[in-house]
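Structural overview
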Amino acid sequence: MTQTPTASTNGHARRDHPGGRSDPSERRRRIRRAIVWTFVVLAVIVLVAAVFAGIQTIGIREQLSDGRDALDRARNALVEGDVGVAQRSFDEAAAEFDEAIAAAHGPSYRVLGFVPLLGRTPDAVQGIAEAGGELAAAGTALTNGIAQLPEGLGSLSPSAGRVPLKPIGPLAETAVTAEGHAKAALDRIEASPSTLLLGPLGEAREQAEEGIRSAYEAVHAGRLLLEGLPEFLGADGPRSYFVGAESPAELRGTGGIIGAYSILTVEDGRFRFEDFAPVQTLPGNPAAWQNVNLRPDFAQIVAPTILDQYEKATGRELDGVIEVDPFALQELLKVTGPVQIPDLDVELSADNVVAFTANEAYSRFRDPATRKEVLGAAAQEVFLRFLAGGEGIDGIRAIGTAAGGGHLTTYSTSPQMQEGLQAVHAAGDFLVPEDSDFLSVIMNNGAGNKVDYYQQRQIDYSVDLLSDRTARARTDVRITNEAPDHGLPAYVIGPFDRRFGPGETFALLDVYCAPSCTVDGAQRDGTDVEPTVGDLGGIPFANEVFSIPSGTEATLTVDTTITEGWQGNSSGGVYRLLFLGQTTVKPTQLRVQIAAPEGMELTGGSDDVDLQGDVAIWEGEPGARLELEVRFSPPVPGRWWRNITR
């Protein structure tokens, strides 16, 4: 007898598996539906939490932004010497960060800690706010210490030919306290979560870490310099320094040829210059003195060589080396006003000192020895006028601007002072951070003339970042020689060698790249050449030698591959570039173009970097030192997935 299936209540035939068990395929379908619904519910929870967190984050981010703005106002006020405004601004910053910390601890925001993918957001907010509070405390300590000085930072300015030593000790102690807070701020931001954050917060955290690291480095450098200054200024006995006057009209590695020198003695803060004299008058080989600064590394190579050569030539041991060029004199004259130079029968001012010392004096004084003596006297007179005092905070800024621009470079045999000089980038170091790309274009004049006064330099640096963290780069250096070929003394336009014509330059050009780079090839004016490849303290360079006649230009192109091109992983990364410039009379023009790795998009960078799609561009006059940073990552969904799987 045939049995018919029992009808189910929904009108469908019920299919029982033998033994009373349900169909396995049906069970799998139910499990899949349950998993799908679980993810749907989870997605809804995450979406609702994200919307709620976004609303909450708007308020907290405004507090963080207001706190950052207050820190910026405080920093600017300190630079201007307005201690009162700086103190109030640091207090405002501390209050904003305290409010952000309180909001991050609130129950409505902490609930995010239990939501997948968003649970790290509250900890990141708290980390940013606490780091900002520590930074505000560092600023408050600094301003309170400065406020105790009779004239603020101006109390450190020279007066009556002497730098006062008394204020330095208390200010150094203040800097120690400030550095402790700044280090705590850096430690806190570095310990905060950096992944699985709401988009705007992730970017804010990156910017905060960059700013806090910069602030810590500045405070750390200031502390080192303040602790080393007393010994450098002769607090424990006289200190003597070789002072070399450079002329960028004839280029050398550290800037320009050293034409004249003096010995500066400092005791108890008081300065005394010996008469400037041509370096050729020193015992020994004159050519060795004229070419002592061919290499760009002042701190590690040039300064120690000068001290060694001077001691061998004279038997006198010195305590350091100072190089100064006309642009440093220009900064000092901006605060002192014009200075009458009796031996020159001319009044030097900020408007004419560069043109006169680097060009016009060569026509007025045909005898090289006389010219170098009177130009040295001009440098001495400007310094003495500056040391007479009365400039206050403006004088401090003038020294800082000259040093920061690479126009007043100092080396000290005192390890403590030298460390401070290195920290404020006033020591002429030619060093590359481990996590940075590097570029420097250095030219030496091989023609013996002074036509570099008329040259214009354009550098284009294009970098393609690759997904395997390598990079390919191309450096184009275009030099335009606008020197006349007649109408000026032969000492200016030459020739000194029958191989060259009047106004012609003979360039010994070095293109330095990152320690992990290799030189792939080079072209001069579009034609392949084989440059000499060398190494300077672990920094590779390509060298090419060529002439540029008057009224013409030449271009050198160098292709390189950088093994460690950027830092990061498939979830995103950062590219950093350090460019070290060479002082030229006409400022160097630089253009940097950085292309993000394939599949990545640019998310931020240095303030003056222009982000154009997947390409970042910087253009301008780089000065002595330029540091650029560009950040990138995959689109948000891909980045989150990679973070989760990692």
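Since we're looking at a predicted model, the values are computed, not measured. (Residues numbered from 1 in each chain as written. Predicted model: local features only at pLDDT ≥ 70, side-chain atom pairs only at ≥ 80, totals over all residues. Heavy atoms only, no water.)

Right, let's talk about the confidence of the model for the protein chain for a bit. Summary statistics for the protein chain give a mean pLDDT of 87 and a share of 85% for residues scoring 70 or more. Low pLDDT, under 50, characterises residues 1–19; the predicted model gives this stretch 10 contacts beyond four residues in sequence or across chains. Of the regions scoring below 50 in pLDDT, residues 39–58 engages in 18 contacts with residues more than four places distant in sequence or in other chains. (pLDDT = per-residue confidence, 0-100. Contact = heavy atoms within 4.5 Å.)

With that settled, the discussion passes to the sheet that holds strand β11 (residues 471–481). Pairing is mixed across the open sheet formed by 8 strands, whose spatial order is β14-β13-β17-β11-β10-β20-β23-β22. Only two strands of the sheet have a single neighbouring strand rather than two, namely β14 (527–529) and β22 (610–612). Strand after strand, the sheet turns through a mean of 20 degrees between neighbouring axes, direction not considered. Two elements, strand β13 (residues 517–524) and β14, share 3 bridges in a ladder whose sense is antiparallel. Of the residues in β14, the one forming a bridge with Ala522 is Val529. (Pairing = 2+ DSSP bridges. Helix = DSSP H or I, 4+ residues; strand = E, 2+ residues; numbered from the N terminus. Axes fitted to C-alpha atoms, helices over the stretch in contact; angles between N-to-C directions.)

All right, on to the layout of surface pockets then. A volume near 380 Å³ is recorded for the second largest pocket. For the second largest pocket, the lining is made up of 27 residues, of which Ala245, Ser247, Ile257, Gly259 and Tyr362 are closest to its centre. Elements represented by at least two residues in the lining of the second largest pocket include exactly β1 (239–252), β2 (255–267), α9 (326–336), α10 (353–364) and α11 (368–387). (1 Å grid on protein atoms, 1.4 Å probe; cavity = no way out; pocket = protein on both sides within 12 Å on 5 of 7 lines; lining within 4 Å. Points joined across faces, edges and corners; volume = space filled by probe spheres on them.)

This part covers unusual backbone geometry. For the bond running from Gly494 to Pro495, omega is 5 degrees, close enough to zero to count as cis. With respect to the element layout, Pro495 can be found in the loop between α14 (490–493) and β12 (505–513). Despite not being glycine, Arg469 has its phi angle at roughly 75 degrees, a positive value. For Arg469, the location among the structural elements is in the loop between β10 (455–465) and β11. According to the relative accessible area criterion, Arg469 is partly exposed, its value standing at 31%. In this model, Asp525 sits at a positive phi of 55 degrees, which is unusual for a non-glycine residue. (Buried < 20%, exposed > 50% of the residue type's maximum accessible area, 1.4 Å probe, protein only.)

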